[in-house]
Every structure is written in C-alpha cells, then in structure tokens.
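Read off the chains here:
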Amino acid sequence: MADGSRTGGACRSLVVNGFTNSVLDPDAPMLGPVENGGTVIANTAPGCWGPMITPSLRGGHEVTRPVAVEGAEPGDAIAIRIRDITVTSVATASGHDRSPEGFCLGDPYVAARCPTCDALWPETHVEGIGQEAVRCNVCGNAVTPFAIVHGYTVTFDDTRSVGLTLPKAAAETIARDADHYAALPDASRQHSILVYAPSDMPGALVRMRPFLGQLGTCPSKAMPDSHNAGDFGAFLVGAPHPYALSPEELAEHKTDGHMDIDAVRPGAILVCPVKVKGAGLYMGDMHAGQGDGEIAGHTMDVAGSVTLQVEVVKDYPIDGPVLFPLAEDLPPMARPFTAEEKARGERLARRWDVAALEEVAPVSVIGTGANLNIAIENGLERAAKLLDLPVAEIRNRATINGAIEIGRAPGVIQVTFLAPLDRLDAAGLGDYAREQYGL
C-alpha cells in the first residue's frame with residue numbers, strides 16, 4: 001500500500017505521501033504503525049509561505065500525516081535518527097511578511113477569510129502571477145492573508161549546494177510554472193509561493209544546509225501545526241476561532257514540534273515527548289538553509305525527501321524535545337573535550353587533589369515560550385528536570401560549558417551544554433550521547 005502498511009503487525013518501513021489540512025488532530029487516524037526501530041520515509045511539502053497563501057489550510061504549514069510508532073505510550077519519548085534530508089525543489093520564494101487587514105478571523109495562519117463573501121477557510125485558485133493571484137472560488141476576489149514586504153525568488157544548482165536569487169524576469173518565468181519548480185508533492189493542496197514572483201534582492205548567492213523546521217509528535221489536542229510550540233501557540237490563547245486554547249491547555253497538549261532549529265539536520269538525533277498513544281510522528285517545513293533565529297520570519301521553504309529511524313524511549317522525564325546535534329553544530333564551549341584538554345585537566349586534578357574529572361556529554365534541551373525570555377526559563381527548567389539538578393546549576397553549566405542558542409524569534413531556544421553523563425544515563429539518554437559523540 002502507498003502508506004507502507006501491511007497486515008499482521010507493524011511495518012519495518014513506511015513511506016508517507018499524505019498530508020494533514022494543517023491541523024494536528026490526535027483523534028484522526030494515524031498511518032502505520034511502524035515498528036520500534038523502524039524506518040519512516042516521507043515526501044514533504046514546503047511549509048510557511050505556500051500554506052500561508054492557501055486559505056483552505058488551517059495551520060500555516062502542510063505537514064505529513066502522523067505515523068504511529070509501535071509501543072509508544074504517553075509519558076514515553078521517541079528518539080529520531082535523521083538519516084537523510086534531500087531537497088527536491090528547483091526553486092522557492094520567501095521574504096518578510098505583513099498581514100493585510102480584513103483577511104482573517106484573529107490569526108491569518110489559522111483562520112483566513114475572504115473579506116468579500118466572508119467565507120472562512122475559502123477554497124481558492126490561482127489566476128496569473130503576483131501577490132493578488134490567489135482568488136476566491138466563490139466571488140473571484142483576491143484573498144491575501146499574507147503579503148511579502150521584501151522578498152526574493154531563489155533557484156538551486158543541480159548539486160543542491162548553493163542557491164541564487166533572481167531578477168524580476170526570471171522570477172516571473174518560474175512563477176508561470178510554479179508547481180513544477182516547487183516540486184510540490186502530488187498530494188499537496190497548497191498554492192506555491194513562487195506565483196508571487198518576488199525579486200527584491202537579485203544576485204545574492206546563498207549556501208544550502210537543509211533541515212526540518214517541523215519534526216515531532218502529535219499534540220494531545222487538535223492544534224494548528226505551525227502553532228505546536230510555545231511562541232506561535234501563544235496566539236491560540238483566547239483566540240476568536242475554533243482552535244482557541246487556554247494557557248493551561250496549551251502547556252498540557254503541545255509537543256513543540258515546530259522548532260525551526262537549523263541543527264535538526266542529517267546526522268542529528270532528536271528525542272521527542274509522547275503525549276498520545278502511538279506518538280504520531282510527523283514532519284515538514286523543510287528549509288534549504290537558515291541562520292539562527294529565522295529573523296525575517298521565514299526562510300527558503302522547499303519540498304524534499306526525508307528518511308528517519310525511530311525508537312521508543314520509555315519513561316521520558318520531560319514534556320519537550322532534546323537534541324543531540326552534530327558535533328560541528330555545537331557551540332564551541334559545549335563541544336566534547338579533546339584528549340589533550342583531558343590530559344591537561346587530569347594534571348590539574350592531581351595537583352589539587354581532585355579525585356576524578358566528571359564525565360560529560362553535550363546535550364541541547366529545547367525551550368519555547370511567548371518570548372525569548374520565557375523560552376529560556378522553560379528550557380532551563382526542562383534541563384533541570386531532565387537531569388534532576390537545580391536550575392541554578394544548569395545556568396552555571398550553560399554559562400561555562402555551553403550557550404543559549406536562538407532557534408526562532410520570538411520564542412524557541414536551545415539550552416546547549418556539557419551535562420554529567422551519569423545524569424543523562426539516569427534519564428535514559430546517555431547512550432544517544434555516546435553514539436553521537438564517540439564517547
């Protein structure tokens with residue numbers, strides 16, 4: 001079958017080609033299950049801009065249908081080894097946005113509307129190119145919940161190593177065959193942002209360093225996909241649309257799958273909390289590359305193929321993700337000590353009668369919140385709970401042997417530091433650190 005399912009038990013591998021309507025719903029049927037230790041392969045659609053200009057989608061992204069993992073229960077985690085991420089788009093477009101008045105009910109990501117016929121989540125079609133190309137099927141008027149203030153169209157070389165931003169004529173040529181250049185998967189329902197044909201900074205050469213902006217597990221209450229995090233999720237609190245949550249519900253149900261952390265790339269290991277039976281692994285919002293913070297609000301969203309290996313971690317102690325990045329992605333102070341550094345440390349220990357150097361390993365604990373200060377506090381508290389240490393000690397360790405890194409403004413951060421290996425062992429994560437860093 002197309003979803004990789006088979007009779008008689010869990011799948012050893014599963015291919016995902018389907019997408020949600022941008023809402024992660026724990027009551028919707030999941031694909032699978034895939035066996036504990038199995039492989040999930042997916043064709044992902046661009047996130048952000050394409051879904052943002054497609055009013056019928058209800059969450060601002062278009063992520064894959066969730067996959068059940070055999071044996072995963074609430075209170076567990078799943079460890080995800082990212083085996084491969086390959087960009088399939090030939091081009092994309094992006095830029096800094098604004099939200100014109102009248103085109104949404106409270107939140108343009110979640111509840112787009114046509115101000116002419118007042119339809120919520122209207123079905124639309126594309127007529128021509130440009131920022132008024134998306135038109136309501138009922139009244140024919142332009143529906144633009146988002147506009148690009150300053151943007152670019154970028155195309156990639158055949159090796160997917162670099163990209164180049166294009167002038168107006170080239171951007172418009174691509175816009176006229178947008179779905180082809182975007183390589184939209186067959187099941188995708190989004191309009192490609194390439195139809196907007198932005199071209200405000202031609203001739204910029206960019207590096208490609210693909211990663212997943214969305215990778216995680218299904219929240220325990222229906223939630224728009226882009227809002228499955230503490231910063232964007234804050235927009236759901238008291239919202240006027242049907243997906244409104246209280247602050248307590250947001251904290252209880254979200255799983256922080258929307259991180260936009262550029263270290264979530266091939267070779268990394270991500271550990272995600274499980275809040276529903278089967279976990280509901282999902283992914284999407286692949287980025288061709290991005291600097292820390294995604295400060296423009298958006299980056300180069302692309303279609304691509306992803307290969308993941310998943311396994312269950314029992315009795316996970318916190319409610320958010322933990323990342324074991326590639327060593328080269330660690331901040332300098334959080335990298336494993338070299339043999340020479342350890343030898344120097346041992347000489348100091350002998351001189352000052354210190355019994356032994358503590359064994360440490362890098363770990364990156366994700367924190368989210370309505371702003372960066374709240375996100376930092378959340379990350380520190382999660383790290384303290386994970387390792388059963390005081391928050392004050394986490395602050396010290398992150399200061400002398402780590403860093404606070406910004407995944408996304410306004411409120412996703414990483415508390416990355418060298419943690420005591422015995423504490424990681426007690427949390428069930430020590431072997432992932434040993435595997436990742438050759439300890």
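In what follows, the structure referred to is the one given above.
Residues numbered from 1 in each chain as written. Predicted model: local features only at pLDDT ≥ 70, side-chain atom pairs only at ≥ 80, totals over all residues. Heavy atoms only, no water.

Asker: Can you help me understand the environment of Lys-385 in this one?
Answerer: Along the chain, Lys-385 falls in helix H6 (residues 372–387). Look at Lys-385 and you get exposed, because its relative accessible area is 58%. A sequence separation of 203 residues divides Lys-385 from Ala-182, and the C-alpha atoms of the two residues are 43 Å apart. Contact partners of Lys-385, with chain neighbours within four places excluded, come to Pro-317 and Ile-318. (Helix = DSSP H or I, 4+ residues; strand = E, 2+ residues; numbered from the N terminus. Buried < 20%, exposed > 50% of the residue type's maximum accessible area, 1.4 Å probe, protein only. Contact = heavy atoms within 4.5 Å.)

Asker: Help me understand the sheet that holds strand E9 (residues 147–156), please; the structure alone is not making it clear to me.
Answerer: Pairing between sheet strands relies on hydrogen bonds along the backbone, with the strands arranged either parallel or antiparallel. Pairing is antiparallel in the open sheet, where 4 strands are placed in the order E6-E9-E10-E11. Only two strands of the sheet have a single neighbouring strand rather than two, namely strand E6 (91–98) and strand E11 (205–207). Across the sheet, the axes of successive neighbouring strands diverge by a mean angle of 30°, strand direction being ignored. Inspection of the sheet shows strand E10 (residues 162–165) paired to E11 by 3 bridges, in the antiparallel sense. If you follow Gly-163 over to E11, its bridge partner there is Val-206. (Pairing = 2+ DSSP bridges. Axes fitted to C-alpha atoms, helices over the stretch in contact; angles between N-to-C directions.)

Asker: Help me understand a nonpolar patch on the surface, please; the structure alone is not making it clear to me.
Answerer: Together, Leu-348, Trp-352 and Val-354 make up a nonpolar patch on the protein surface, roughly 350 Å² of accessible area in all. By secondary structure assignment, the location of Val-354 is in the loop between helix H5 (339–351) and strand E18 (360–368). Overall, the relative accessible area of 45% leaves Val-354 in the partly exposed class. (Patch = residues over 30% accessible without salt bridge, like charges linked within 9 Å, V, L, I, M, F, W, Y side chains within 5 Å. Areas by Shrake-Rupley, 256 points an atom, 1.4 Å probe, with all protein chains shown as cover. Salt bridge = Lys/Arg side-chain N within 4 Å of Asp/Glu carboxyl O.)

Asker: Would you explain the pattern of salt bridges in this entry?
Answerer: Opposite charge on two side chains lets them pair, provided their charged atoms get close. What the rule picks out here adds up to 23 salt bridges. Between Lys-168 and Glu-172 there is a salt bridge, with its nearest N and O atoms 2.7 Å apart. You can see Lys-168 and its partner Glu-172 sitting in helix H2 (residues 168–175), 4 residues apart, about one turn around the helix. One salt bridge connects Asp-231 with Arg-408, and the closest N-O pair in it is separated by 2.7 Å. In this pair, Asp-231 is assigned in the loop between strand E13 (223–224) and helix H4 (247–253) and Arg-408 in strand E19 (residues 402–408), connecting sequence segments 177 residues apart. We classify Arg-408 as buried; its relative accessible area is 2%.

Asker: Would you mind showing me how to read the packing of aromatic side chains here?
Answerer: Aromatic ring pairs are defined here through the distance separating the ring centres and the angle between the ring planes. Throughout the structure, instances matching the rule amount to 6 aromatic pairs. Through a chain of ring-to-ring contacts, three or more aromatic side chains come together here, namely Trp-49, Tyr-109, Phe-146, Tyr-196, Phe-232 and Phe-235. When the ring centre of Trp-121 is taken as origin, the NZ or CZ atom of Arg-58, which lies over that ring, is 3.6 Å away. (Phe/Tyr/Trp six-rings, centres within 6.5 Å; stacked < 30°, edge-to-face > 60°. Lys NZ or Arg CZ within 6 Å of the ring centre and 35° of its normal.)

Asker: Help me understand the side chain of Glu-405 in this model?
Answerer: Relative to the helices and strands, Glu-405 resides in strand E19. We note that Glu-405 is buried and unpaired, the nearest opposite charge coming from Arg-335 at a distance of 8.4 Å. A polar contact is formed between the side chain of Glu-405 and the side chain of Thr-416, at a distance of 2.6 Å. When sequence neighbours within four positions are dropped, the list of residues in contact with Glu-405 reads Asp-329, Pro-331, Ser-364, Val-412, Ile-413, Gln-414 and Thr-416. (Lys, Arg positive; Asp, Glu negative; His and termini not counted. Polar contact = N/O pair within 3.5 Å; in protein donor to acceptor, adjacent residues only side chain to side chain.)

Asker: When you look at the side chain of Arg-408 in this model, what are you seeing that I'm missing?
Answerer: Side-chain polar atoms of Arg-408 contact the side chain of Asp-260, separated by 3.0 Å. Setting aside anything within four residues of it in sequence, one finds Arg-408 in contact with Ala-229, Asp-231, Phe-232, His-258, Met-259, Asp-260, Gly-293, Glu-294 and Leu-372.

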